[in-house]
Amino acid sequence: MSREIQATLDIQGMSCASCVGRVERTLGALDGVTGVSVNLASEKAQVSVDAPRRLVDVAHALEALGYPPRTATITLNIASMSCASCVGRVDAALAEVPGVLSVAVNLAAENARVEYLEGAVSPADLVAAVAGIGYAAEIAEADASASRAARKSDEANHLRRKVLVATALTLPVFVLEMGAHLIPAFHALVETSIGMRASWIIQFVLATLVLFGPGRQFFAKGFPALMRATPDMNSLVALGTGAAWTYSVVATFLPGFLPEGVRAVYFEAAAVIVVLILVGRWLEARAKGRTGAAIEALLGLQVRTARVVRGGTTVETDVDALAAGDVILVRPGERIPVDGEVVDGASNVDESMITGEPVPVAKATGATVTGGTVNGTGSLTFRATRVGADTTLAQIIRMVEDAQGAKLPIQGLVDRVTLWFVPAVMALAALTVAVWLAVGPDPALTFALVAGVSVLIIACPCAMGLATPTSIMVGTGRAAEMGVLFRKGDALQALSEVDIVALDKTGTLTEGQPTLTDVVVADGLARDEVLRLIAAVEAQSEHPIAEAIVRGAEADGVEVPTATGFQSVTGYGVSAVVEGRRVIVGAERYMTRENVDVGPLADSERDLARRGRTALFAAVDGVLAAVIAVADPVKPSSRAAIAALHDLGFKVAMITGDQQDTADAIARETGIDHVIAGVLPDGKVAALDDLRAGGGKLAFVGDGINDAPALAHADVGIAIGTGTDVAIESADVVLMSGDLRGVVNAVHVSRRTMSNIRQNLVWAFGYNVALIPVAAGVLYPAFGLLLSPVFAAGAMALSSVSVLTNALRLRRLVPALSEQAPGPAPARTIPQAQPAE
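Remember, it's a predicted structure, so these values are computed and weren't measured experimentally. Each chain has its residues counted from 1, following the order in which its sequence is written. Per-residue local features are limited, in this predicted model, to residues with pLDDT of at least 70; the limit for side-chain atom pairs, both in listing and counting, is 80 or more; totals at the level of whole chains, interfaces and linings are taken over all residues. Side-chain metrics in this entry use all non-hydrogen atoms of the structure; hydrogen atoms and water are not considered.

Per the secondary structure count, the chain includes 30 helices and 29 strands. For the C-alpha atoms alone, the extent of the chain along its principal axes is close to 125 × 65 × 65 Å. Every one of the 837 residues in the chain was classed for burial, and the buried ones make up 54%. Two residues form a contact once any of their heavy atoms are found within 4.5 Å. Within the chain, counting contacts between residues at least 6 apart in sequence, those at least 24 apart form 70% of the total. The protein chains shown are the only cover counted for residues, whose accessible areas, like all others here, come from Shrake-Rupley with a 1.4 Å probe. For the chain, the exposed surface amounts to about 34700 Å²; the carbon and sulfur share of it is 56%. Between the averaged position of the 65 positive side-chain charges in the chain and that of its 85 negative side-chain charges there is a distance of 7 Å. The helix and strand labels rest on DSSP assignments: H or I over at least four residues marks a helix, E over at least two residues marks a strand, and numbering proceeds from the N terminus. We call a residue buried when its accessible area falls under 20% of the maximum for its residue type, exposed when it is over 50%, and partly exposed in between, using a 1.4 Å probe and counting protein chains only. Charge counting treats Lys and Arg as positive and Asp and Glu as negative, with His and both chain ends excluded. Charge placement uses NZ in Lys and CZ in Arg. For Asp and Glu, CG and CD serve respectively.

Here it is as structure tokens:
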């Protein structure tokens with residue numbers, strides 16, 4: 001019988017009794033949901049559900065209704081997770097908490113990112129849920145990445161001390177036992193000097209100190225997990241070493257319980273296993289610390305103090321105390337503390353650590369500066385515009401952390417396997433012992449013990465659990481150093497599966513700063529008179545083409561009058577009244593709509609379009625007056641980037657509102673395969689659907705507000721970082737430098753990271769599939785080969801370290817294309833954080 005669960009949800013958007021009624025009716029109609037009570041004043045809804053996952057249905061229903069519940073996301077640091085089985089149990093425990101919407105547990109980062117319904121569950125409930133299955137959890141602090149690096153360093157040092165102690169205690173045990181087996185003279189020396197029984201007692205004392213000293217953690221964590229019927233890696237090690245130690249204790253102190261032919265000790269195996277696994281854990285801790293190097297480097301860019309100008313004097317203050325509007329002084333060579341706008345001074349600023357662009361950027365009054373970048377030889381005074389968590393650097397760090405904590409679709413297979421992996425290994429070990437005892441040669445008990453312990457020890461769910469998250473952490477971190485930010489972790493996998501790259505034109509392929517190139521007037525009209533009327537209308541618009549026309553008119557010395565009654569028709573053009581005359585400027589479709597005959601200048605318009613110009617018609621009082629043209633220069637890097645995308649196997653398309661002739665001219669210049677021209681802003685989504693009609697996956701690259709729907713609709717949305725905040729928020733990937741070659745680098749990182757993940761998974765699964773049967777003894781009948789538990793422990797430790805080492809290779813990933821002005825020099829990357837002096 002299911003237990004009824006009561007929950008209280010905070011709901012957004014309710015404004016009247018009708019809202020309350022809609023929410024109550026919608027929730028009351030859901031299966032398994034009863035006792036719905038909605039309160040408008042408190043903006044809360046109380047519901048009773050018959051299962052925890054019903055609250056997810058409730059959340060989705062409210063979202064669809066337009067009254068989304070308030071949600072929050074929290075990161076928990078989780079101690080003691082040692083393998084993929086631990087990840088599965090923590091994930092399951094958190095997912096079962098009523099009100100939890102999604103869970104992503106990361107073994108490499110040793111944390112869990114949880115999205116939950118506010119009001120239905122609290123952070124304390126989540127911590128308690130993890131503690132209930134035997135893992136210590138705490139809420140991550142704001143500087144979690146820095147504290148994690150310090151934590152992993154402390155852990156590595158602690159494990160190193162354990163390794164040294166365990167090695168010192170194990171070495172005499174190994175020499176006494178293995179020396180007596182391998183060297184007859186040494187065996188005789190032991191028998192004639194201290195005797196074999198004394199040797200076994202010495203081994204017992206030293207091995208016991210190893211197992212219950214440095215190796216105590218395996219028993220302290222493994223056996224409680226076993227008692228809870230949730231065995232993990234520690235359980236396997238504890239069972240394996242405990243079995244070898246127990247058998248040896250019986251042989252030493254109660255030999256009568258064993259047949260004479262199988263009285264032997266395996267103290268050295270138990271002790272060496274602990275040493276080797278501790279060495280593996282030590283190397284893992286060191287490697288895990290390096291997987292977050294990119295975050296550490298980004299954190300190292302943050303400034304701790306700033307010089308604030310107040311009342312004519314400069315006061316040094318903590319950067320956390322800064323507020324928007326503060327005026328800040330930055331001296332030559334100093335790092336800029338927060339984002340702002342220059343109010344005085346001139347200098348060149350090195351922004352390579354944020355954008356990957358190696359060339360310093362000139363800054364003067366009115367220019368924007370970014371926190372974390374380095375001032376050059378000049379002095380700058382700027383007004384803070386974004387501080388604290390709102391700065392560009394803080395947002396970058398947050399994006400990278402979110403991406404590193406993501407769970408890719410490929411991880412689903414690992415999760416399904418690891419849930420039953422450890423219990424399956426234990427069952428296989430028991431079966432191995434039973435088979436050896438039933439059909440094995442004498443001494444069957446000895447063979448059964450060796451084979452069973454080897455199976456327990458050689459199995460490695462650690463490698464499977466580390467295979468995906470370590471590669472994600474290193475890959476997304478390296479991408480950030482190249483100026484490529486994966487806002488959503490699953491975009492890392494999705495981008496590697498894309499077939500078509502669709503590009504917006506203005507600001508993406510082109511500079512986004514068009515200039516006036518041609519003014520062709522109708523017969524009988526004066527150029528300057530027509531231009532002044534057109535410029536008066538365009539002066540009321542903020543469109544880049546309008547700005548280009550106004551700049552061109554002013555450059556020609558034309559006096560621009562004031563227009564009234566300005567109107568903008570999206571996708572068509574603009575109109576206004578200038579000195580009593582109605583002037584309209586726009587595309588041919590606008591003229592057609594206004595019944596203006598464009599025939600007299602149609603040939604001129606087509607000629608301009610064929611030359612790659614964006615041509616617009618102008619009419620005065622309903623009569624065609626001119627066709628004007630602007631040209632938006634193609635970015636120098638665009639052709640190289642498109643060529644590189646072709647080399648990677650992509651089809652490249654361009655979506656633009658320009659006429660077909662203009663778009664075709666740009667396509668010829670840049671090498672684009674497919675052009676969709678004349679697209680209105682709201683038609684880009686439909687254009688994307690047309691492109692992927694064949695079933696392929698598609699990435700869209702854009703930068704403007706009108707690109708946001710297309711960015712969200714594409715399989716992968718890639719926003720130019722110099723574009724609008726709306727576009728960036730809608731995207732899956734952000735290119736910080738605004739250089740189109742960043743798309744190539746994003747694809748390069750995506751494909752190499754996914755390849756690295758597959759290598760890790762092949763190794764992790766292949767290792768277990770191949771070596772567990774060997775440990776069980778399948779080679780013994782044919783070759784007389786039985787794997788020693790000591791070699792099994794070494795192989796197990798090597799497996800995890802191999803996966804981590806392979807993932808760390810991504811740190812050396814070189815950009816596919818240098819993000820700078822054309823040339824062969826490689827892109828600069830985020831410098832490593834330096835220790836404080």
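The rule for pairing is simple: two strands pair if DSSP sees at least two bridges between them. With two bridges joining them, strand 8 (residues 305-310) and strand 10 (residues 327-330) adopt antiparallel strand pairing. Residue pairing for strand 10: valine 308 is matched across the bridge by isoleucine 328. Where strand 10 and strand 16 (residues 380-386) come together, four bridges link them in antiparallel fashion. Note that in strand 16 the partner of isoleucine 328 across the bridge is phenylalanine 382.

Moving on to the nonpolar core. Throughout, nonpolar core names a set of buried Ala, Val, Leu, Ile, Met, Phe, Trp, Tyr and Cys residues whose side chains join them through atoms within 4.5 Å. In this structure, Leu126 and Phe486 are the most contacted members of the largest nonpolar core, which totals 155 residues. In terms of residues, this core owes the most to one element, helix 28 (residues 741-776), which gives 13 residues. Other than its neighbours up to four places away in sequence, leucine 126 contacts Ile74, Leu76, Leu94, Val97, Val100, Val114, Tyr116 and Val121. Within the second largest apolar cluster, 27 residues are counted, among which are Val519, Ala536, Val583 and Ala618.

Note on geometry: axes are lines fitted to C-alpha atoms, helical ones only across the stretch in contact, with angles between N-to-C directions running from 0 to 180 degrees. Viewed as axis vectors pointing N to C, helix 28 and helix 30 (residues 789-808) meet at an angle of 170°, and their least axial separation amounts to 9 Å. In terms of orientation, helix 28 lies roughly antiparallel with respect to helix 30. Judged by residue contacts, Asn756, Gln759, Asn760, Trp763, Tyr767 and Leu771 of helix 28 engage Ala792, Ala795, Met796, Ser799, Ser802, Val803, Asn806 and Ala807 from helix 30. Partitioned by chemical class, the residues of the contact of helix 28 with helix 30 number eight nonpolar, six polar and no charged. When describing relative orientation, an angle under 35 degrees is termed roughly parallel and one over 145 degrees roughly antiparallel, while 65 to 115 degrees is termed roughly perpendicular and anything else oblique. Any residue outside Ala, Val, Leu, Ile, Met, Phe, Trp, Tyr, Cys, Pro, Asp, Glu, Lys and Arg is labelled polar, Gly included; the first ten of those are nonpolar and the last four are charged.

As a further point, take unusual backbone geometry. The peptide bond linking aspartate 442 to proline 443 adopts the cis configuration, its omega dihedral lying at -5°. Along the chain, proline 443 falls in the loop between helix 14 (411-439) and helix 15 (444-458). Phi at glutamate 579 is positive, roughly 50°, even though this residue is not glycine. Inspection of the secondary structure assignment puts glutamate 579 in the loop between strand 21 (573-578) and strand 22 (581-586).

So, about the packing of aromatic side chains. Pairing of aromatic rings covers Phe, Tyr and Trp, the last through its six-membered ring, and needs centres within 6.5 Å; plane angles under 30 degrees mean stacked, over 60 mean edge-to-face, and all others mean tilted. Tallied over the entire structure, the rule returns twelve aromatic pairs. Note on tryptophan 436 and tyrosine 780: the rings are 5.3 Å apart at their centroids and 70° apart in plane angle, and the pair reads as edge-to-face. Placement of tryptophan 436 in helix 14 and of tyrosine 780 in helix 29 (residues 780-783) is noted, with a sequence separation of 344 residues between them. The class for tyrosine 780 is partly exposed, based on a relative accessible area of 24%. Summarising the aromatic geometry, the rings of phenylalanine 447 and tyrosine 780 are spaced 5.2 Å apart at their centres and angled 55° between planes, so their arrangement reads as tilted. Taken as a pair, phenylalanine 447 in helix 15 and tyrosine 780 in helix 29 lie far apart in primary sequence, 333 residues in all. For phenylalanine 447, a relative accessible area of 17% gives the class buried. Here a set of aromatic residues connected by ring pairs shows up, and it is made of Phe204, Phe212, Phe219, Phe223, Trp245, Phe253 and Phe267.

To continue, consider the pairing of strand 11 (residues 339-345). Across six bridges, the pairing between strand 11 and strand 16 is antiparallel. When the bridges of strand 16 are listed, glycine 340 appears paired with alanine 384. Relative to strand 14 (residues 368-369), strand 11 runs antiparallel, the two sharing two bridges. By the bridge assignment for strand 14, glutamate 341 is matched with threonine 368.

The sheet built from seven strands is open, its strands ordered 17-29-28-27-18-25-26 with mixed pairing. One side of each edge strand has no neighbouring strand; the edge strands of this open sheet are strand 17 (484-486) and strand 26 (674-676). Pairwise comparison of adjacent strand axes, ignoring direction, gives a mean angle of 20° for this sheet. As judged from the five bridges shared by strand 18 (residues 500-504) and strand 25 (residues 651-655), these two strands associate in the parallel manner. Directly across from isoleucine 500, in strand 25, lies its bridge partner lysine 651. Strands in contact with helix 24 (residues 660-670) are strand 25 and strand 26; relative to strand 26, the strand with the most contacts, it is inclined by about 150°.

This brings us to the UniProt feature "transmembrane region" (unreviewed entry) in the chain. In this numbering, the UniProt entry assigns the feature "transmembrane region" (unreviewed entry) to residues 163-186, 198-215, 236-258, 264-283, 417-439, 445-468, 761-780 and 786-808. Taken end to end, residues 198-215 comprises 83% helix and 0% strand; its first and last C-alpha atoms sit 24 Å apart. For residues 264-283, the end-to-end C-alpha separation is 33 Å, with 85% helix and 0% strand making up the annotated structure. UniProt positions are given in the numbering used here, feature names are shortened, and annotations may be inferred rather than shown by experiment.

The working definition used for a salt bridge is a side-chain nitrogen of Lys or Arg within 4 Å of a carboxyl oxygen of Asp or Glu. Counted under the stated rule, the structure contains 21 salt bridges. Here aspartate 10 makes a salt bridge to lysine 44, at a shortest N to O gap of 2.5 Å. With a gap of 34 residues between them, aspartate 10 in strand 1 (residues 5-10) and lysine 44 in strand 3 (residues 44-49) connect regions that are remote in the sequence. Overall, the relative accessible area of 12% leaves aspartate 10 in the buried class. Judged by relative accessible area, which is 32%, lysine 44 ranks as partly exposed. Three or more residues joined by partner-sharing salt bridges are found here, namely Glu529, Arg532, Glu579 and Arg581.

Attention now moves to helix 20 (residues 544-555). Any helix carries an expected span of 1.5 Å times its number of residues minus one. End to end, helix 20 covers 16 Å across twelve residues, agreeing with the expected 16 Å (1.5 Å per residue, within 8%). Of the surrounding secondary structure, the elements contacted by the buried residues of helix 20 are strand 19 (515-521), helix 19 (527-538), strand 23 (614-620) and strand 24 (623-631). Once helix 20 ends, the next one or two residues include glycine 557, with phi positive near 80°.

Another aspect to go through is the environment of valine 265. Positionally, valine 265 belongs in the loop between helix 9 (233-253) and helix 10 (267-291). Remark: the alpha-carbon pair of valine 265 and tyrosine 247, spanning 18 residues in sequence, is separated by 7.1 Å. Beyond its immediate chain neighbours, meaning those up to four positions away, valine 265 contacts Glu177, Trp200, Gln203, Ser248, Ala251 and Thr252.

Pairing between the strands of a sheet is mediated by backbone hydrogen bonds and can be parallel or antiparallel. The sheet built from four strands is open, its strands ordered 5-6-4-7 with antiparallel pairing. Only two strands of the sheet have a single neighbouring strand rather than two, namely strand 5 (100-106) and strand 7 (137-139). The mean inter-strand angle of the sheet, taken between neighbouring strand axes irrespective of direction, is 25°. Of the strand pairs in this sheet, strand 4 (residues 71-78) and strand 6 (residues 111-117) are connected by seven bridges, and their pairing is antiparallel. Counterpart to asparagine 77 in the pairing with strand 6 is asparagine 111. Sheet strands touched by helix 3 (residues 84-95): strand 4, strand 5 and strand 6. Its angle to strand 5, the strand with the most contacts, is close to 165°.

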